[in-house]
Amino acid sequence: PANLVGWWPGDGSATNVFGTNNGTLQGGATATAVGMVGSAFSFDGTNGFVQIPDSPVFRPTNLTIEAWVKFNSLDSKTTGAAQGHQYIVFKQNSSSSNFEGFGLGKDRLPEINPNGDVLYFNVSSAAGVMVEVDSVTTVQTGAWYHVAAVRGSNYLQLYVNGQLEVQASVSFTQDYGTFPLFFGTSGQSYWDGKMSGSLD
């Protein structure tokens, strides 16, 4: 598709289909789990993740992140973050707090959704302003979810299984640091939530 900058199918490795910006499997992560198509990345919720070196193509003005995810456990190893927080795809900005250049993940937000864990997408500005959208769908273990997160010119959108579930306005420009792109982690020891499950 036009403007696609990366596609990591998880079919045996963390290689990008384009042959550039290849990732590496870290902490025991594999790319041989049963996926929606072929194989998928598998993360243990404790140590495993994928790391992809920083590149200018990972700092777009507008973006869409798309993935299939299946959780083995709703709890995993966290540092700083609340229990139940798990990162799916993450790129840090230039800050050490409200540090999401963009973050797609799963969270437990009883004050917002008392019925269970939800998927979320958020972005933060250089001044520390964050905008987040949280799914209506509640996440269960053992089920595949298709999630698509969109940062448009002035909005965020979150689609689950092909349905637009939530949208919010955003007025600031994207802020990016020079950290790697991560699957399954934030890449930071002071605030993290490892994914426990499969990513395709």
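Note that the coordinates shown come from a computational prediction; the quantities given were computed from them, not determined experimentally.

J.: Account for the overall build of the chain, naming residues and giving values.
T.: Per the secondary structure count, the chain includes 0 helices and 16 strands. For a compact globule of 200 residues, the expected C-alpha radius of gyration is about 16 Å, and the chain comes in at 15 Å, within 12% of that figure. Among the 200 residues that make up the chain, the fraction classed as buried is 50%. Within the chain, contacts between residues separated by at least 24 positions form 60% of all contacts whose residues are at least 6 apart in sequence. Entry remark: accessible area of the chain is about 8,700 Å², with carbon and sulfur atoms responsible for 52%. Looking at the chain, you have 8 positive and 15 negative side-chain charges, and the mean spots of the two groups are 5 Å apart.

J.: Would you mind going over the side chain of asparagine 93 in detail, with residue names and values included?
T.: Mapped onto the elements, asparagine 93 comes out in the loop between β7 (86-92) and β8 (100-107). For asparagine 93, a relative accessible area of 0% puts it in the buried group. Separated by 3.1 Å, the side chain of asparagine 93 and the backbone oxygen of asparagine 98 make a polar contact. Beyond its immediate chain neighbours, meaning those up to four positions away, asparagine 93 contacts Asn98, Phe99, Glu100, Gly101, Ser124, Ser125, Asp175, Tyr176, Gly177 and Phe179.

J.: So what's going on with the sheet that holds strand β14 (residues 181-183)? Residues and values would help.
T.: Spatially, the 7 strands line up as an open sheet ordered β1-β4-β14-β7-β8-β9-β10, and their pairing is antiparallel. If you trace the sheet from one side to the other, it starts and ends with β1 (24-26) and β10 (130-138), each paired once. Strand-to-strand, the axes of this sheet are offset by a mean angle of 15°, without reference to chain direction. In this structure, strand β9 (residues 118-124) lies alongside β10, joined through 6 bridges in antiparallel fashion. Across the sheet, residue serine 124 finds its bridge partner in β10, namely methionine 130.

J.: Describe in detail the pairing of strand β12 (residues 155-160), supporting the description with residues and values.
T.: Residues in a regular strand point their side chains to alternate faces of the sheet. As judged from the 5 bridges shared by strand β11 (residues 144-151) and β12, these two strands associate in the antiparallel manner. Residue alanine 149 lies in a different strand from β12, and its bridge partner there is leucine 158. Counting the residues that bridge the hairpin from β11 to β12 gives 3 residues. Two elements, β12 and strand β13 (residues 163-169), share 6 bridges in a ladder whose sense is antiparallel. Counted as the bridge partner of leucine 156 is alanine 168 from β13.

Conventions adopted
Residues numbered from 1 in each chain as written. Predicted model: local features only at pLDDT ≥ 70, side-chain atom pairs only at ≥ 80, totals over all residues. Heavy atoms only, no water. Helix = DSSP H or I, 4+ residues; strand = E, 2+ residues; numbered from the N terminus. Rg over C-alpha atoms; globule rule 2.2 N^0.38 Å. Buried < 20%, exposed > 50% of the residue type's maximum accessible area, 1.4 Å probe, protein only. Contact = heavy atoms within 4.5 Å. Areas by Shrake-Rupley, 256 points an atom, 1.4 Å probe, with all protein chains shown as cover. Lys, Arg positive; Asp, Glu negative; His and termini not counted. Charge placed at Lys NZ, Arg CZ, Asp CG, Glu CD. Polar contact = N/O pair within 3.5 Å; in protein donor to acceptor, adjacent residues only side chain to side chain. Pairing = 2+ DSSP bridges. Axes fitted to C-alpha atoms, helices over the stretch in contact; angles between N-to-C directions.

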